[in-house]
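Here are the chains, one letter per residue:
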Amino acid sequence: MIPLSWYLILAALLFCIGLYGVLARKNAVAILMSVELMLNAVNINLVAFWRYFTPGNISGHAFAVIVFVVAAAEVAVGLALIISIYRRRKTVAADEINLMKW
Amino acid sequence: MTGMQGVFLFAAGLILWAAFMMVTRQNLVHAAFYLILALFGVAILFVLLDAGFLAVIQVSVYIGAISIMMIFAVMLTRGDVIEEDPVNKNYGWALLLAALFAFGLIILVGQWPAIASLPGAFDTSRDLAAELGVALFSPEGFVIPSEVASVLLLAALVGSLVVARRQKGK
């Protein structure tokens, strides 16, 4: 039997690795990949709470499915933006895309 | 240590190792493959949590669609596949913030009284996919969120087509 804390700690660590990737990576595609890691950490938590506290109620699954949908939409728009930026600026380095920087 | 715990520890180690390799690789194609490995580890966890249907969605949506789109994007933005330096100049702050966040989250989790709770009995003969379908489309359930999600998907589809389309005369 696996205590709930194992899942929560794993999700916390995975979320923080993703956070580091978002803040530190230069390449915009790598930043999007790190956002996927963070969303997955959230999903682990949602499903673990569903299984441990309300296995009779399907809401935990519904939340996780909505997270899947949002992740797919986010990746589609994000990659379209990155490809568009690459076409105009010939770079996808996040620190060189500073057109709107104050 | 039971077999379940062994599988969990294997999956956890796989996820954390693959995630760490993903955020530190210079070559973005390698990073995408490590991302696939990490997502596969999460699918193993879903199976351990008796959420088999979500594990199938995880494999088909995340690994089958999202990761492939990532690889497409890496290929289409070919100039930067191998960066000299994968991190920006603020990576020290990012590392500090992520470490503090992990530390704080683990302390918070440790203080919570329900933390050591074990899973209750689970009826494995339940048809979770059917239950989920009913919940997503019944008015007492999540019909409005799922309709909003489908509008969001449509908007994302049209929006990404408009954004990524080649402009005339360019």
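Source: prediction; values computed, not measured.

1. A look at the interface of chain A and chain B
The interface of chain A with chain B comprises 73 residues on the first partner and 87 residues on the second. Interface area, chain A with chain B, both sides summed: about 7300 Å², of which 77% is carbon and sulfur. Inspection of the region where chain A meets chain B yields one salt bridge. In this structure, Arg51(A) and Asp50(B) form a salt bridge, with 2.6 Å as the shortest nitrogen-oxygen distance. In this assembly, chain A and chain B are joined by seven residue pairs in polar contact (both at pLDDT 80 or more). Mapped by element, the contributors of at least two residues to the side of chain A that touches chain B are α1 (4-24), α2 (28-53) and α3 (59-89) of chain A. Per element, the largest residue contribution to the side of chain A that touches chain B is 24 residues, and it comes from α3(A).

2. Here's the deal with the layout of surface pockets
There is about 370 Å³ of room inside the largest pocket. Ala76(A), Leu79(A), Ala80(A), Met69(B) and Ser160(B) are the residues nearest the centre of the largest pocket, which is lined by 20 residues in total. Taken domain by domain, the makeup of the lining of the largest pocket includes at least three residues from each of domain 1 (1-85) and domain 2 (126-170) of chain B. When its volume is computed, the second largest pocket comes out at roughly 220 Å³. In terms of lining residues, the second largest pocket is bounded by 13 residues, among which Ala94(A), Asp95(A), Asn88(B), Lys89(B) and Asn90(B) are the most central.

Analysis parameters
Residues numbered from 1 in each chain as written. Chains lettered and ligands numbered in written order. Predicted model: local features only at pLDDT ≥ 70, side-chain atom pairs only at ≥ 80, totals over all residues. Heavy atoms only, no water. Contact = heavy atoms within 4.5 Å. Buried area = accessible area lost by both parts, 1.4 Å probe. Salt bridge = Lys/Arg side-chain N within 4 Å of Asp/Glu carboxyl O. Polar contact = N/O pair within 3.5 Å; in protein donor to acceptor, adjacent residues only side chain to side chain. Helix = DSSP H or I, 4+ residues; strand = E, 2+ residues; numbered from the N terminus. 1 Å grid on protein atoms, 1.4 Å probe; cavity = no way out; pocket = protein on both sides within 12 Å on 5 of 7 lines; lining within 4 Å. Points joined across faces, edges and corners; volume = space filled by probe spheres on them. Domains from an automatic or database assignment.

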